[in-house]
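# Chains, contacts and geometry: an overview
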There are 2 protein chains.
Amino acid sequence: MEVTARAPGKIILAGEHAVVHGYTAVASSIDLYTVFSIRLRSEDDDTVKLTLNDIGLDFSWSVRRIKEVLSHLGSPFSSTPTSCSLETIKSLATLVDEQSFPETKIGLASGVYAFLWLYTSILGFKPATVTVSSELPVGAGLGSSAAYCVSLSAALLALSDSVKLDVSQKGWSTFNETEAELVNKWAFEGEKIIHGRPSGVDNSVSTFGNVIKFKSGVMTRVNSNMPLRMLITNTKVGRDTKALVANVSARKSRHPDAMCSVLNAIEAISDEWSTIIQSHAVDDLYLSANEEKLGELMEMNQGLLLSMGVSHASIENVLQTSMKYKLASKLTGAGGGGCVLTLLPTHISGEVIDKLVEELGSFGFQSFTAGIGGKGVQISFDHSS
Amino acid sequence: MEVTARAPGKIILAGEHAVVHGYTAVASSIDLYTVFSIRLRSEDDDTVKLTLNDIGLDFSWSVRRIKEVLSHLGSPFSSTPTSCSLETIKSLATLVDEQSFPETKIGLASGVYAFLWLYTSILGFKPATVTVSSELPVGAGLGSSAAYCVSLSAALLALSDSVKLDVSQKGWSTFNETEAELVNKWAFEGEKIIHGRPSGVDNSVSTFGNVIKFKSGVMTRVNSNMPLRMLITNTKVGRDTKALVANVSARKSRHPDAMCSVLNAIEAISDEWSTIIQSHAVDDLYLSANEEKLGELMEMNQGLLLSMGVSHASIENVLQTSMKYKLASKLTGAGGGGCVLTLLPTHISGEVIDKLVEELGSFGFQSFTAGIGGKGVQISFDHSS
């Protein structure tokens, strides 16, 4: 039997940067997924094989060797999400080093540490074949690492004793609330290995899907009742999130009054976002009025992000291009490059989208459409193998 | 003797649109001038000749004809600034129509009405040769009509009994406070003929120069102690100021909380502007720190204007271009086209400015540098003719 879990990426709809200063932000799942498949091998087949499809990397450990390094920890303990100690990370690094990790992809090594930690903690020392592939670009602020950790945790837990799923069910199924919470907690432990101090927002959105409002560390789930599509444009310009966050803080201390009002404006925009997407559209007219409002909120939010100094020439380029098509856009995430959202109203023609995507492509940007606020992590079982 | 008056144009440094909602804006003079020259002719030479150099128009009225139409008003009354009644405007239109005004330039006819009103009200019915030329583009939000009215009023008053100037002085001289106030009041009467309901800010800046803070109809003069230069880029995109103002109000009623914070942020920026430009630079380091702050304030203000919805693709184009040179820009005036300011730090090389101007020119924009916060209206006498 093969178990497959898919977990969505996320975008920040409103409030990035403001959230660092204690103001509200709103994040949402997007229907682009990272997919983990796990097939257990027979006990006498002593191998754990991991294939990272998108980056073309393969790993193969003997279960005996993994045991040597980690069995003193007493794995598995699937019902008790546990942090990986610094000392254990060193042991994991040894296991990865033995597989001669290519120098040029060394930034991705922490993802493999997270794999080994979650795998052994949840499943113990079982031989298996594991593959992962993703529709999410890495390092673009779309929560690819969270989707990686969530889908991995979900697939592992589905094979553990901590979760009871109906394995005979066909197609994608979801976890109940308690199980999803467990998936989320394990994913968060994985995120800590990859990111050091993650906020927990990305893995929560990836686990529970839909829309989440967060402020001062408190997350509130928001039920979106509005069908929404965005064009996500990856400028492919890398950015230094820490430096961007520090610059905003410096600007805030130089211009405290103005920046405080800017942050208040963003808070109001986040609040309005969550109110609007919770409303049920009574008719088409109501829907397009709300779409127009959301477009305005995006334009306003982008202006405020510009005034915080986190825009970038590449982002302005996307804005200007989408403006020609009378479409509202805003950066999403840290800014300084990264991704830009463009609201696609329901009445927009595919032709217009194609033209826009083509024009954006001529600058070297990559654009893809995504549905907003869909389901979180899902699981399916394949008995054919 | 020929008397020549020159009056500067203006820019809005911060707070455009916000000022409509009762928040502070800051305006400044720029060292681009409109120049009126008046030479009285002998009493038996029955002609008033007006040459508008920049638009290539000439008018020539007989004093007898002007008297026929206007003498019942009891002109001149140079010390009593008086509004032109609607009935009198109709009479002025008759005088202009008799000169066969070209259809294509009919929008400029009100400037000729203002000329006739100010001329006869201040000087009465004297024959003269009058020429005007300007460095200010018309209808670009740089206060060209105010500079026209101020320089005209100043030249006329210099020839009247209401103002006592030392006509033997060489070069440019200024009016004393009371005289300047009289110039300003007459100029405002001219502005009313051209604009209907002017705010009075443009003519005040043109008359008194320097920097003026204004809020809810109250103007406060600010002493700028900082040398400042801007690149002013005319996008040449015409805009509908009334529609832009109405759109901001509509957005404010749709998103009251967010927009209120946006306006508060702009208020803080206007206040910071006037504080910074009043400070005396103790050394170069202090000066460039302040320049950097002003650049940030411009970037912030532009972001806030974007969030009010008054930017335009052409403006974004200028922003993006100047961003490449790491220079801060903001729209000035109504937005939706019009002019964009780019702060030129003191240390910037002429080469960089040339390159930027050339690049902006390739989009069809016209850029020129201007000193900020210089003197208001000035007068000079030429005895050679």
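Residues numbered from 1 in each chain as written. Chains lettered and ligands numbered in written order. Predicted model: local features only at pLDDT ≥ 70, side-chain atom pairs only at ≥ 80, totals over all residues. Heavy atoms only, no water.

## Considerations on the overall build of chain A
Looking only at helices and strands, chain A features 11 helices and 12 strands. For 385 residues, the compact-globule estimate of 2.2 N^0.38 gives 21 Å, and the C-alpha radius of gyration of chain A, at 22 Å, lies within 12% of that figure. Evaluated residue by residue, chain A yields a buried proportion of 58% over its 385 residues. Counting only contacts in chain A whose residues sit at least 6 apart along the sequence, the fraction spanning at least 24 positions is 77%. Carbon and sulfur atoms make up 51% of the accessible area of chain A, which amounts to about 15400 Å² in all. Considering chain A, the positive charge centre built from 32 side chains and the negative charge centre built from 40 side chains are found 4 Å apart. (Helix = DSSP H or I, 4+ residues; strand = E, 2+ residues; numbered from the N terminus. Rg over C-alpha atoms; globule rule 2.2 N^0.38 Å. Buried < 20%, exposed > 50% of the residue type's maximum accessible area, 1.4 Å probe, protein only. Contact = heavy atoms within 4.5 Å. Areas by Shrake-Rupley, 256 points an atom, 1.4 Å probe, with all protein chains shown as cover. Lys, Arg positive; Asp, Glu negative; His and termini not counted. Charge placed at Lys NZ, Arg CZ, Asp CG, Glu CD.)

## Quick word on the packing of aromatic side chains
According to the stated counting rule, one finds 16 aromatic pairs over all chains in the structure shown. Note on B:Phe59 and B:Phe101: the rings are 5.5 Å apart at their centroids and 25° apart in plane angle, and the pair reads as stacked. Of this pair, B:Phe59 sits in strand S4 (residues 57-62) while B:Phe101 sits in the loop between helix H2 (86-97) and helix H3 (109-123); the two residues are 42 residues apart in sequence, bridging distant segments of the chain. Both residues of the pair, B:Phe59 and B:Phe101, belong to the buried class. Within the aromatic cluster, the residues linked to one another by ring pairs are A:Phe59, A:Trp61, A:Phe101, A:Phe115 and A:Tyr119. In this structure, A:Arg221 is placed above the aromatic ring of A:Phe208, and the distance from its NZ or CZ to the ring centre is 4.0 Å. A cation sits over an aromatic face here: B:Arg6 above B:Tyr33, 4.1 Å from the ring centre. (Phe/Tyr/Trp six-rings, centres within 6.5 Å; stacked < 30°, edge-to-face > 60°. Lys NZ or Arg CZ within 6 Å of the ring centre and 35° of its normal.)

## Section: the nonpolar core
Of all hydrophobic cores here, the largest spans 241 residues; its most connected members are A:Trp61, A:Phe115, A:Trp273, B:Trp61, B:Phe115 and B:Trp273. Residues contacting B:Phe115, with those up to four places away along its chain left out, are B:Phe36, B:Val48, B:Leu50, B:Trp61, B:Val130, B:Tyr148 and B:Leu152. (Core = buried A, V, L, I, M, F, W, Y, C linked by side-chain atoms within 4.5 Å.)

## Re the UniProt feature "domain: GHMP kinase C-terminal" (unreviewed entry) in chain A
In the numbering used here, UniProt assigns the "domain: GHMP kinase C-terminal" (unreviewed entry) feature to residues 292-353 of chain A. A distance of 17 Å separates the end C-alpha atoms of residues 292-353 of chain A, which is 52% helix and 16% strand. (UniProt positions renumbered as here; feature names shortened; annotations may be inferred.)

## Details of the packing of helix H8 (residues 256-278) of chain A against helix H8 (residues 256-278) of chain B
Two elements in contact, H8(A) and H8(B), have axes separated by 8 Å at closest approach and are oriented at 170°. Between H8(A) and H8(B), the crossing angle belongs to the class labelled roughly antiparallel. Between H8(A), through A:Asp257, A:Ala258, A:Ser261, A:Val262, A:Asn264, A:Ala265, A:Ala268 and A:Ile269, and H8(B), the contact on the second element is made entirely by B:Asp257, B:Ala258, B:Ser261, B:Val262, B:Asn264, B:Ala265, B:Ala268 and B:Ile269. Classifying every residue of the contact of H8(A) with H8(B) gives 10 nonpolar, four polar and two charged. (Axes fitted to C-alpha atoms, helices over the stretch in contact; angles between N-to-C directions. Parallel < 35°, antiparallel > 145°, perpendicular 65-115°, else oblique. Nonpolar A, V, L, I, M, F, W, Y, C, P; charged D, E, K, R; others polar.)

## Observations regarding the interface of chain A and chain B
When the parts of a complex come together, some accessible area is lost, and that lost area is often taken as the interface size. The interface is formed by 30 residues belonging to chain A together with 30 residues belonging to chain B. Interface of chain A and chain B: buried area, both sides summed, is about 2700 Å²; carbon and sulfur atoms make up 64% of it. The largest contributions to the chain A side of the interface with chain B come from A:His255, A:Met300 and A:Gln320, which together make up 22% of the buried area. Taken together, chain A and chain B are joined by six salt bridges. (Buried area = accessible area lost by both parts, 1.4 Å probe. Salt bridge = Lys/Arg side-chain N within 4 Å of Asp/Glu carboxyl O.)

## Description of unusual backbone geometry
With the exception of glycine, most residues fall at negative phi, and the peptide bonds are largely trans. A cis amide bond links A:Ser75 with the next residue in sequence, A:Pro76, at an omega value of 0°. With respect to the helices and strands, the residue A:Pro76 is situated in the loop between helix H1 (63-70) and helix H2 (86-97). Not every positive phi belongs to a glycine, and B:Lys236 is a case in point at roughly 65°. Following the sequence through the fold, B:Lys236 ends up in the loop between strand S8 (229-234) and helix H7 (241-254). On the basis of relative accessible area, B:Lys236 is assigned to the exposed category, the value being 53%.

## Regarding the relation of the copies chain A and chain B
When chain A is fitted to chain B, the best match, at an RMSD of 0.1 Å, comes from turning it 180° and sliding it 0.0 Å along the axis. Each copy turns onto its partner about a two-fold axis. Considering only C-alpha atoms, the residue of chain A closest to the rotation axis is A:Gly303, which sits at 2.0 Å. The share of interface residues of chain A whose copies in chain B are also at the interface is 100%, consistent with both copies meeting through the same surface. (Least-squares fit on C-alpha atoms with pLDDT ≥ 70 in both.)

## Focus: the state of the cysteines
In total, this model carries zero disulfides over all chains according to the counting rule given. Unpaired in this structure, A:Cys149 has its nearest cysteine sulfur neighbour in A:Cys84, at a distance of 12 Å. Not part of a disulfide, B:Cys339 finds its nearest cysteine sulfur in B:Cys149, a span of 19 Å. Judged by relative accessible area, B:Cys339 falls into the buried class, the value being 0%. (Disulfide = S-S within 2.5 Å.)

## Section: the sheet that holds strand S9 (residues 329-332) of chain A
Residue and element names in this part refer to chain A. Pairing within the open sheet is antiparallel, and its four strands lie in the order S9-S10-S8-S11. The open sheet is flanked by S9 and strand S11 (366-371), the only strands paired with a single partner. Adjacent strand axes in the sheet meet at a mean angle of 30°, parallel and antiparallel pairs treated alike. Across six bridges, the pairing between strand S8 (residues 229-234) and strand S10 (residues 339-344) is antiparallel. Opposite methionine 230, over in S10, you have leucine 343 as the bridge partner. Running at roughly 15° to S8, helix H11 (residues 350-361) makes contact with S8, S10 and S11 of the sheet. (Pairing = 2+ DSSP bridges.)

## Re the side chain of A:Asn301
Inspection of the secondary structure assignment puts A:Asn301 in helix H9 (residues 284-307). When residues no more than four places from it in sequence are discounted, the contact partners of A:Asn301 are A:Leu13, A:Ala14, A:Gly15, A:Glu16, A:Ile266, A:Ile269 and A:Lys330.

## Some thoughts on the UniProt feature "domain: GHMP kinase N-terminal" (unreviewed entry) in chain A
The feature "domain: GHMP kinase N-terminal" (unreviewed entry), as annotated in UniProt, sits at residues 118-209 of chain A in this numbering. Secondary structure across residues 118-209 of chain A divides into 52% helix and 8% strand, with the first and last C-alpha atoms of the span separated by 21 Å.

## Describing the pattern of salt bridges
This model, assessed by the stated rule, comprises 28 salt bridges over all chains. Measuring nitrogen to oxygen at the nearest pair gives 3.1 Å for the salt bridge that ties A:Lys10 to A:Asp202. Of this pair, A:Lys10 sits in strand S1 (residues 2-14) while A:Asp202 sits in helix H6 (residues 201-208), and the two are 192 residues apart along the sequence. Exposure class is identical for A:Lys10 and A:Asp202. Each is buried. In this structure, the salt-bridge partner of B:Lys330 is B:Glu16, at a minimum N-O distance of 2.9 Å. With a gap of 314 residues between them, B:Lys330 in strand S9 (residues 329-332) and B:Glu16 in the loop between strand S1 (2-14) and strand S2 (25-40) connect regions that are remote in the sequence. Take B:Lys330 and B:Glu16: they sit in the same class, and that class is buried.

## Some details on the sheet that holds S8(B)
Residue and element names in this part refer to chain B. The four strands lie next to each other as S9-S10-S8-S11, forming an open sheet whose pairing is antiparallel. The open sheet has two edge strands with one neighbour each: S9 and strand S11 (366-371). Across the sheet, the mean angle from the axis of one strand to that of its neighbour is 30°, orientation sign disregarded. Here helix H9 (residues 284-307) sits on the sheet and contacts S8, S9 and strand S10 (339-344); the angle it forms with S9, its principal contact strand, is near 55°.

## Focus on helix H3 (residues 109-123) of chain A
Residues and elements named next belong to chain A. For H3, which comprises 15 residues, the first-to-last C-alpha distance of 21 Å matches the rise-based estimate of 21 Å (1.5 Å per residue) to within 8%. Counting buried residues along H3, 15 of its 15 residues qualify, which places the element largely inside the surrounding structure. Downstream of H3 by a residue or two, glycine 124 has a phi angle that is positive, lying close to 80°. (Expected span 1.5 Å × (residues − 1).)

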